[in-house]
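Spelled out, the chains give:
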Amino acid sequence: MPELLVRLPHVDEVLSQDQEYCLLVEDGKKRRIRFHDYGEIYSIPGLYEKLFADLLKCSSPEMIATLLADEVERTGESVADLHVLDLGAGNGMVGEQLRARGVRRLVAVDIIEEAAEAARRDRPDVYQRYHVGDIRDLPADARDDLAARDINCMTCVAALGFGDIPPTAFLAAYDLVPSGGWIAFNIKDTFLDKRTGNGFAALIREMIGDGRLRVCTQRTYTHRLSVSGDKLPYVAMVARKA
Ligand SMILES: C[S@@+](CC[C@H](N)C(=O)[O-])C[C@H]1O[C@@H](n2cnc3c(N)ncnc32)[C@H](O)[C@@H]1O
């Protein structure tokens, strides 16, 4: 595969995370691609990895997988017994990290077909099934498949807020996990702030407050760098469903 030439823009103003973009250089021409145009990014093999993992040092798939595996082992359970629903799975980077830590059963859900195609192309052995659609309104065969699995863990990485996965979709995935199951996710720190947060601030606080989420570990860390090189703080959380 020829090396991708990706440039980060020199921007004077501070771009909000959902305005950020990169420049892909092809045949001497620059193509501007917004970070949130996931379909376009996934359709170019290696671009997601080059951009987020290499250039912007995104650590989240590894961070969530490590924290989850550590917590599972700390309780004396085995990661090999997890059956993971990876919500907003993208091209499979989280699934790959989970497999590397011994998870054997994974099913993916993402809202765009390009994500499923990229996962099949780049990481064909990570997920047993990949369902495309809105978790709140999946086709009957996808609902039947999820119901037939003994899912006992839900992961959701770099996909909450910003017009991506809304609180109601997070809750729909949570509902597929039985009591005692594992919930592991990350979210931008300000989205958990009750003064500045979006719907997640209230939801997560409420779920912790009323016991629906029993937090095992919570960590603030750098999710990735912004295009201007600033650290973007996120909160990683591993919890158990009450
Ligand atoms: C930044 S990517 C993260 C992908 C992967 N979890 C990772 O960490 O590499 C966000 C993903 O969330 C997906 N997404 C956005 N809205 C969604 C929704 N409502 N339901 C499911 N997936 C969604 C996008 O299509 C995209 O693949």
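As the structure is a prediction and not an experimental result, all values here were calculated from the model.

1. Description of the overall build of the chain
Phase 1: In terms of helices and strands, the chain carries eight helices and ten strands.
Phase 2: Here the C-alpha atoms of the chain give a radius of gyration of 18 Å, agreeing with the 18 Å that 2.2 N^0.38 yields for 242 residues.
Phase 3: Along the first, second and third principal axes, the C-alpha set of the chain runs to 55 × 40 × 35 Å.
Phase 4: Split into buried and exposed, the 242 residues of the chain put 50% on the buried side.
Phase 5: With the model as given, the accessible surface of the chain reaches about 11300 Å², and the carbon-plus-sulfur share is 49%.

2. Some details on the site of the ligand
Phase 1: The full set close to the ligand counts 18 residues, and Tyr42, Tyr48, Gly88, Asp110 and Val157 are the nearest of them.
Phase 2: Measuring from an oxygen atom of the ligand, one finds a side-chain N or O atom of Tyr42 at 2.7 Å.
Phase 3: Out of a free accessible area of 590 Å², the ligand has 95% covered by protein chains.
Phase 4: Its residues assigned to classes, the shell around the ligand comprises 14 nonpolar, two polar and two charged.
Phase 5: Among the domains, domain 1 (5–55) and domain 2 (60–241) are the pair contributing at least three residues each to the shell around the ligand.

3. Some details on the domain arrangement of the chain
Phase 1: By the assigned domains, the chain splits into domain 1 (5–55) and domain 2 (60–241).
Phase 2: On the side of domain 2, 20 residues touch domain 1, which itself brings 20 residues to the contact.
Phase 3: Interface area, domain 1 with domain 2, both sides summed: about 1600 Å², of which 56% is carbon and sulfur.
Phase 4: Broken down residue by residue, the surface that domain 1 buries against domain 2 is led by Gln17, Tyr42 and Glu49, which jointly contribute 39%.
Phase 5: For the pair domain 1 and domain 2, the number of links is two salt bridges.
Phase 6: In this structure, the salt-bridge partner of Glu20 is Arg224, at a minimum N-O distance of 2.8 Å.
Phase 7: Taken together, the connections running from domain 1 to domain 2 amount to eight residue pairs in polar contact (both at pLDDT 80 or more).

4. Brief notes about the pattern of salt bridges
Phase 1: A full pass over the atoms with the stated rule returns 17 salt bridges.
Phase 2: Arg120 serves as the salt-bridge partner of Glu113, at 3.8 Å between the closest nitrogen and oxygen.
Phase 3: Because the salt bridges share partners, they merge into one network encompassing Glu26, Arg31 and Glu40.

Criteria and thresholds
- Residues numbered from 1 in each chain as written.
- Predicted model: local features only at pLDDT ≥ 70, side-chain atom pairs only at ≥ 80, totals over all residues.
- Heavy atoms only, no water.
- Helix = DSSP H or I, 4+ residues; strand = E, 2+ residues; numbered from the N terminus.
- Rg over C-alpha atoms; globule rule 2.2 N^0.38 Å.
- Buried < 20%, exposed > 50% of the residue type's maximum accessible area, 1.4 Å probe, protein only.
- Areas by Shrake-Rupley, 256 points an atom, 1.4 Å probe, with all protein chains shown as cover.
- Near = heavy atom within 4 Å.
- Polar contact = N/O pair within 3.5 Å; in protein donor to acceptor, adjacent residues only side chain to side chain.
- Nonpolar A, V, L, I, M, F, W, Y, C, P; charged D, E, K, R; others polar.
- Domains from an automatic or database assignment.
- Contact = heavy atoms within 4.5 Å.
- Buried area = accessible area lost by both parts, 1.4 Å probe.
- Salt bridge = Lys/Arg side-chain N within 4 Å of Asp/Glu carboxyl O.

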